[in-house]
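# Survey of secondary and tertiary structure
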Amino acid sequence: AANFARRYPPYPPRLSELLSCQVDHVGLCGMTVSDMTRMLDKSKAVDVKNNEWTEAGLRYALRKAQDEGRPYTAVVIMAGTNDLQTSSAQEIVANLMQLHGQVRSFGAVSVACAVPKHGAIICEEYSSHLNPGLRKSMNVKVDEINSLLRAQVARVNESCEDSGWIAFVDVHSEVLKKAGTNKANTYAGYPTLAEFKEYYGRELDSKSMGQASEKIHKTQAGSDLKSKNPSLYNMLEDALHFSPAGYRSFAETLAEMCKPHLVRLS
């Protein structure tokens, strides 16, 4: 949900405009998929940035909306990145499918967003704080998760009725493609860790790297990236999160991908 970025630009308001419907938003920053499965019936939750969210539990929110006569027709779930260091691909996908199963049980379309690859695991410079073996396993794990998730979605959809199916979308990759790049070389022009340290005047560990959100705009490498690919420069806030412009593109891309499923609903 981009809570670690200096600016917090949730994409649902733009998505609501594009789809001409109400879009509710719960951005559980720092939470894992396993956390989400444990809090299915919770009415409130506090994320790692101390943001308090009401209707945070997925099943709680679905049931409440149904009881109030305003059932959800679709639910977008983007999660899994925070699980990469602690859970296997199989465990992550099993937990994701549990969430999607809850959505389907209430007769809504569940939109499964692919887990994005990002700078912290693609670019060696960004992942120097990680054990090399862990970095490699995380990189491979993202591909494995998305392959398993896509297969599970297809399996469910083969047997589902007219409601309760799942849509698999890789929104993050499509946004980067629109910016004229791809996942393999996206982070080649990013500021280096040495530049982070020089700008912030301190050592950066994995936690503080997530808070270093001005880095791309305050370093020489950021200036170089702006001249080489201004579209990408404007889309990114840091190695993982989009800028407000990036999240606007995220909403527009997600709307494009969801429209065929919403037409099927109607």
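Computed from a prediction, not measured in an experiment: that's the story for all the values here. (Residues numbered from 1 in each chain as written. Predicted model: local features only at pLDDT ≥ 70, side-chain atom pairs only at ≥ 80, totals over all residues. Heavy atoms only, no water.)

A word on the sheet that holds strand β3 (residues 74–77). Strand order across the open sheet formed by 3 strands is β3-β4-β5, with parallel pairing between neighbours. In this open sheet, the two edge strands, each paired with only one partner strand, are β3 and β5 (166–169). Mean inter-strand twist for the sheet, computed between neighbouring axes without regard to direction, equals 20°. (Pairing = 2+ DSSP bridges. Helix = DSSP H or I, 4+ residues; strand = E, 2+ residues; numbered from the N terminus. Axes fitted to C-alpha atoms, helices over the stretch in contact; angles between N-to-C directions.)

Our next topic: the packing of aromatic side chains. Throughout the structure, instances matching the rule amount to 2 aromatic pairs. Centre to centre, the rings of Y11 and F250 are 4.7 Å apart; their planes meet at 45°, and the pair counts as tilted. Taken as a pair, Y11 in the segment before α1 (12–19) and F250 in helix α13 (residues 244–265) lie far apart in primary sequence, 239 residues in all. A network of ring pairs unites the aromatic residues Y11, Y247 and F250 as a single cluster. (Phe/Tyr/Trp six-rings, centres within 6.5 Å; stacked < 30°, edge-to-face > 60°.)

Judged by which residues are buried, β5 turns out to be covered on both faces: I166 and F168 on one side and A167 and V169 on the other are all buried. Here 4 bridges tie strand β4 (residues 109–113) to β5, and the two strands are oriented parallel to one another. Residue pairing across strands places V111 opposite A167, the latter belonging to β5. (Buried < 20%, exposed > 50% of the residue type's maximum accessible area, 1.4 Å probe, protein only.)

With respect to the helices, strands and loops of the structure, M31 is situated in the loop between α1 and α2 (33–38). Residue classification places M31 among the buried residues on the basis of a relative accessible area of 12%. Separated by 15 residues in sequence, M31 and V46 place their C-alpha atoms 9.7 Å apart. If we skip the residues at most four places from it in the chain, M31 touches M36, M39, A45, V46, D47 and N82. (Contact = heavy atoms within 4.5 Å.)

A word on the confidence of the model for the chain. Residues at a pLDDT of 70 or more form 65% of the chain, whose mean pLDDT is 76. The lowest-confidence element of the chain is helix α9 (residues 206–211), averaging 46 in pLDDT; the highest-confidence one is helix α3 (residues 58–67), averaging 96. Residue range residues 1–7 is modelled with pLDDT below 50. Its contacts to residues more than four positions away, or to other chains, number 33 contacts. Considering only residues more than four positions removed or in separate chains, one finds that residues 182–193, a stretch of pLDDT under 50, has 37 contacts. (pLDDT = per-residue confidence, 0-100.)

This part takes up the environment of L96. Inspection of the secondary structure assignment puts L96 in helix α4 (residues 89–105). Distance in space between the C-alpha atoms of L96 and A79 is 7.7 Å, their sequence separation being 17 residues. When residues no more than four places from it in sequence are discounted, the contact partners of L96 are V33, I77, A79 and L149.

This part is about the pattern of salt bridges. In the structure shown here, the tally under the stated rule is 10 salt bridges. The shortest N-O distance in the salt bridge between R59 and D41 comes to 2.6 Å. In this pair, R59 sits in helix α3 while D41 sits in the loop between α2 and β1 (44–46), placing the two residues 18 residues apart along the sequence. Linking K64 and E68 is a salt bridge whose minimum nitrogen-to-oxygen distance equals 2.8 Å. Residue K64 is classed as partly exposed on the basis of its relative accessible area of 26%. (Salt bridge = Lys/Arg side-chain N within 4 Å of Asp/Glu carboxyl O.)

This part is about the nonpolar core. Nonpolar side chains tend to gather and get buried jointly when the protein is soluble and globular. Ranked by size, the top nonpolar core spans 35 residues in total, and within it L28, L58 and L149 carry the most contacts. Among the elements of the structure, α2, α3, β3, α4, α6 (132–159) and β5 are those that each provide at least two residues to this core. For this core, the element with the highest residue contribution is α4, accounting for 7 residues. Apart from residues lying up to four places away in sequence, L28 is in contact with M36, M39, A45, D47, W53 and A56. Formed by 21 residues, the second largest nonpolar core is a distinct cluster that contains V171, M235, Y247 and L254. (Core = buried A, V, L, I, M, F, W, Y, C linked by side-chain atoms within 4.5 Å.)

Let's shift gears to the side chain of T37. Topologically, T37 is positioned in helix α2. Classification of T37 as buried rests on a relative accessible area of 14%. A polar side-chain atom of T37 sits 2.7 Å from the main-chain carbonyl oxygen of S34. Setting aside its immediate chain neighbours within four residues, T37 contacts N95, Q98 and L99. (Polar contact = N/O pair within 3.5 Å; in protein donor to acceptor, adjacent residues only side chain to side chain.)

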